[in-house]
Amino acid sequence: GDSVTQMEGPVTLSEEAFLTINCTYTATGYPSLFWYVQYPGEGLQLLLKATKADDKGSNKGFEATYRKETTSFHLEKGSVQVSDSAVYFCALGGASYDKVIFGPGTSLSVIP
Amino acid sequence: EAQVTQNPRYLITVTGKKLTVTCSQNMNHEYMSWYRQDPGLGLRQIYYSMNVEVTDKGDVPEGYKVSRKEKRNFPLILESPSPNQTSLYFCASSPQHQGAAEAFFGQGTRLTVV
């Protein structure tokens, strides 16, 4: 079945470091791809999305590009802040899906 | 403000004592779902509903019930809770009936069954 794989965490970075969280997917259809973020003590919220191949989603300095040839949707940010400390979930879904399929999540800690 | 509201936020209960976790959304979304989040297992879908009076099992439905009598409400019922249902629960809603578009999540309910 369709699935999402993310890099294992936790990831610890210093403030202003470059962030990459890898995400790859397996899908039989043509999914939309999402990144969700969960801040401590809160529910998940959508960070960015891309609905077709080569689309780039971006929000709050984060970016991810839908790469069909490598079935990837890696999350990047050029300069992380302490406030970016959270758990990040890669996910897939879309019009032909009856549910969103989440990856296991990657915990990020940013230290001053 | 558009939101998904869950209650209670925290609950400690004893084995076998029936409980209900409420979920309400004010965005007129057709699709609603329940997830549980456990360390090392990520998010797993319990039940979902594509519209009023339409519900279906997710990945881990055993021990849970749901109902969808109104569009805005989607309560999660544990008829006889057991310790393995100790978890963090999230309700979510989506604006498309397919249910797989952008999901809006509640704040979560941390349930402990002793």
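Right above here is the structure, for reference.
Residues numbered from 1 in each chain as written. Chains lettered and ligands numbered in written order. Predicted model: local features only at pLDDT ≥ 70, side-chain atom pairs only at ≥ 80, totals over all residues. Heavy atoms only, no water.

### Some details on the packing of aromatic side chains
With the rule as written, the count across this model stands at twelve aromatic pairs over all chains. Taking 5.9 Å as the distance between ring centres and 65° as the angle between the ring planes, the aromatic pair formed by B:Y64 and B:Y89 counts as edge-to-face. Highlighted residues: B:Y64 in the loop between β6 (54-57) and β7 (65-66) and B:Y89 in strand β9 (residues 87-94), separated in sequence by 25 residues. Of the two residues, B:Y64 and B:Y89, both sit in the buried class. An aromatic cluster is built from A:F34, A:Y36, A:F89, A:F102, B:Y35, B:F90 and B:F105, whose rings are joined through pairwise contacts. (Phe/Tyr/Trp six-rings, centres within 6.5 Å; stacked < 30°, edge-to-face > 60°. Helix = DSSP H or I, 4+ residues; strand = E, 2+ residues; numbered from the N terminus. Buried < 20%, exposed > 50% of the residue type's maximum accessible area, 1.4 Å probe, protein only.)

### Focus: the sheet that holds strand β8 (residues 76-78) of chain B
Residue and element names in this part refer to chain B. Read across the open sheet, the four strands follow the order β1-β3-β8-β7; overall the sheet is antiparallel. Each end of this open sheet is capped by a strand with a single partner; those strands are β1 (4-7) and β7. As judged from the four bridges shared by β1 and strand β3 (residues 19-25), these two strands associate in the antiparallel manner. Looking at the pairing, N7 lines up with T22 of β3. (Pairing = 2+ DSSP bridges.)

### Some points on unusual backbone geometry
A cis geometry characterises the amide bond from B:N7 onward to B:P8, with omega recorded as 0°. Relative to the helices and strands, B:P8 is located in the loop between β1 and β2 (10-13). One non-glycine residue with positive phi stands out, namely A:E16, at about 80°. Positionally, A:E16 belongs in the loop between β2 (11-14) and β3 (19-21). In this structure A:E16 comes out as exposed when scored by relative accessible area, which is 60%. Of note, A:K60 is a non-glycine position whose phi angle comes to about 55°, a positive value.

### Overview of the sheet that holds β3(A)
Pairing between the strands of a sheet is mediated by backbone hydrogen bonds and can be parallel or antiparallel. All names here are of chain A. Pairing is antiparallel across the open sheet formed by four strands, whose spatial order is β3-β9-β8-β7. A single partner strand is all that each edge strand has here, and the edge strands are β3 and β7 (56-59). Neighbour-to-neighbour, the strand axes of this sheet turn through a mean angle of 15°, independent of strand direction. (Axes fitted to C-alpha atoms, helices over the stretch in contact; angles between N-to-C directions.)

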